[in-house]
Structure formats: structure tokens, C-alpha cells
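# Results of the structural survey
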Amino acid sequence: RDVSSELLTIILNAYPEAVMEKDGHFGTPLSYICCNENAPLEIFQKLLDEWLRVKENRSSHAVNSLMRITIIRGDVKEYLCHLSSLFEEEDQNNPPPCAIMAHFINDSWWNGVWLVMNRHPSIVKTMHLQTSIMADFLFMAGKHFSLPTMMGLIQNEPDLLEHV
């Protein structure tokens, strides 16, 4: 069925576990969206955001299990391949984090962008942020990064605070 982004937000706010609910065929809303060529990418992103809130789903193995769906649409497969590579240990065959982040930025998947930065904090230095927005960036990063990641970012990249 077609679900609007607003309706999905209301459902997930009221019942976040809905993203993990399985039907009689063991399919979840996310697995169905992965196959639906007509579903808006924004719906996939919302379901994926909620699915990734479950700690067990933030692994290469969990993401790869979604890719085992027989028919998966191309743009979704690209997202899942990028996510899987983020959760894997360093592998030379994986795309670089900056390419993954660029893809997520291009599609306006901001939780994906934060995920890349959380997994690879040194990427922030390559962003060449202007001094005038650095304080705002650090404020937002503090909402999305764990405390150890935020501390590491500030300790390892002291020039981020140079003109703040």
C-alpha cells in the first residue's frame, strides 16, 4: 500500500517497533520497501532510520541479510552496500567514506551522513567547513555523536575549534 511520509512518521512515532513487525511470510515493512520500485526513497530512508536504531541491526551481517531479498531495487541496494561497508572492518574493496557520505548528501539522507561521520570522525576535517558555521556544526554533531566520538573529534582535530 501507498503510505505518505507524514503518516509513516506518525506511525513510527507512536509505535517504533512497527519497523520490525513481520507478516505471515516473515516480511517486514523495510523488506517490502526494498522490493517496491514505486516506493519513494524518503519512505525507505525513514524505515531504515528506525531499523538502524536497533543495535543488532548496525552490523554488516544485519545489512547483508536485507540484501538477500531476491528482487531488490537498485537505489536501495546501493544504500545497503554503502551501509554494509561502513559496518565492516577496513576492506580495500569498500568505497571510501567520503564517497559514501557524498552519496547520502546527494540523496538528503542526513542520518546516513551522521552515521558516516560517527564511524569515521576524521572525515570532518576534509569537509573544509567555514569558521562561521563551525559552532553550529559542533552543536549538531554533539546531538548525533556518542560522547567518546565527540571527544575524539575535538582532541584529534583541535583546529576545528581554532576560530570558534
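Per chain, residues are indexed from 1 in the order of the written sequence. Where local features are concerned, this predicted model is filtered to residues with pLDDT of at least 70; where side-chain atom pairs are given and counted, the filter is 80 or more; whole-chain, interface and lining totals use all residues. Based on all heavy atoms of the structure, the side-chain values leave hydrogens and waters out of the count.

### Notes on the pattern of salt bridges
- One speaks of a salt bridge when a side-chain nitrogen belonging to Lys or Arg is within 4 Å of a carboxyl oxygen belonging to Asp or Glu. As enumerated under the stated definition, the model contains 2 salt bridges in all.
- A salt bridge links Glu 50 to Arg 53; the shortest N-O distance between them is 3.6 Å.
- Asp 75 is the salt-bridge partner of Arg 73, the closest N and O atoms lying 2.8 Å from each other.

### Here we look at helix H3 (residues 41-52)
- A run of H or I in DSSP counts as a helix once it spans at least four residues, and a run of E counts as a strand once it spans at least two, with each numbered from the N terminus. By this rule, a helix spans an expected 1.5 Å times one less than how many residues it contains. Taking 1.5 Å of rise per residue, 12 residues should cover 16 Å, and H3 covers 16 Å from first to last C-alpha, within 8% of that figure.
- Within H3, 9 of the 12 residues are buried, which leaves it mostly tucked inside the rest of the structure.
- Among all positions in H3, only Ile 43, Phe 44, Gln 45, Leu 47, Leu 48, Asp 49, Glu 50, Trp 51 and Leu 52 are buried. Only protein chains enter the calculation, and the probe is 1.4 Å; a residue is then buried if its accessible area is under 20% of its type maximum, exposed if over 50%, and partly exposed in between.

### Concerning helix H6 (residues 97-106)
- Among all positions in H6, only Ile 100, Met 101, His 103 and Phe 104 are buried. For H6, the arc enclosing every buried residue in end-on projection is 160 degrees, short of the 170-degree limit, so these residues lie on one face.
- Should any heavy atoms of two residues lie within 4.5 Å, those residues are counted as being in contact. Buried residues along H6 sit against helix H5 (74-87) and helix H7 (110-119).
- Just downstream of H6 lies Ser 108, where phi reads positive at about 60 degrees. It is the directions from the helix axis to the C-beta atoms that the arc portrays.

### Remarks on the packing of H3 against H5
- Axis lines are fitted through C-alpha atoms, for helices just across the contact stretch, and the angle between N-to-C directions can take any value from 0 to 180 degrees. One can describe the packing of H3 onto H5 by two numbers: an axis separation of 11 Å at closest approach and a directional angle of 25 degrees. As summarised for this structure, H3 and H5 are arranged roughly parallel, according to the angle between their axes. Helix-helix and strand crossings are classified by hand; for H3 and H5 the assignment is right-handed. Across the interface between the two elements, Leu 41, Phe 44, Gln 45, Leu 48 and Leu 52 of H3 pack against Asp 75, Val 76, Tyr 79, Leu 80, Leu 83 and Phe 87 of H5.
- Here the residues of the contact of H3 with H5 sort into 9 nonpolar, 1 polar and 1 charged. If an angle is under 35 degrees, it is roughly parallel; if it is over 145, roughly antiparallel; if it lies from 65 to 115, roughly perpendicular; otherwise it is oblique. Each crossing gets its handedness from the near helix: less than a right angle anticlockwise from the far helix is left-handed, clockwise is right-handed. When residues are sorted by character, Ala, Val, Leu, Ile, Met, Phe, Trp, Tyr, Cys and Pro go into the nonpolar class, Asp, Glu, Lys and Arg into the charged class, and all the rest, Gly among them, into the polar class.

### A few points about the environment of Asp 49
- With respect to the helices and strands, the residue Asp 49 is situated in helix H3.
- The residues touching Asp 49, leaving out its near neighbours within four places in the chain, are Trp 109 and Asn 111.
- In this structure the side chain of Asp 49 is engaged in a polar contact, spanning 2.9 Å, whose partner is the side chain of Asn 111. A 3.5 Å cut-off defines polar contacts: any pair of N or O atoms within that distance qualifies, except that in protein one atom must be a possible hydrogen donor and the other a possible acceptor, and neighbouring residues in sequence count only when both atoms are side-chain atoms.

### Considerations on the confidence of the model for the protein chain
- The predictor rates its confidence in each residue with pLDDT, a number between 0 and 100. Scored by pLDDT, the protein chain has a mean of 82; 89% of the residues are at 70 or more.
- Across the protein chain, the secondary-structure element scoring lowest on mean pLDDT is helix H1 (residues 5-14), at 72, and the one scoring highest is H5, at 92.

### Re the side chain of His 82
- Looking at the element boundaries, His 82 is found in helix H5.
- Contact partners of His 82, with chain neighbours within four places excluded, come to Pro 95, Ile 100, His 103 and Phe 104.

### Some remarks on the side chain of Glu 50
- Here Glu 50 lies in helix H3.
- For Glu 50, a relative accessible area of 12% gives the class buried.
- Once you skip the residues sitting within four places of it in the chain, Glu 50 turns out to touch Leu 12, Pro 16 and Val 19.

### Remarks on unusual backbone geometry
- We note that Ser 108 has phi near 60 degrees; this positive angle belongs to a residue other than glycine.
- Judged by its relative accessible area of 41%, Ser 108 is partly exposed.

### Comments concerning the packing of H5 against H6
- Where H5 contacts H6, the axes come no closer than 11 Å and their chain directions differ by 140 degrees. Put simply, H5 runs oblique to H6. Crossing of H5 against H6: the hand is left-handed. Note on element contacts: H6 touches H5 through Ile 100, His 103 and Phe 104, opposite Glu 78, Tyr 79, His 82, Ser 85 and Leu 86.
- Along the lines of polarity and charge, the residues of the contact of H5 with H6 split into 4 nonpolar, 3 polar and 1 charged.

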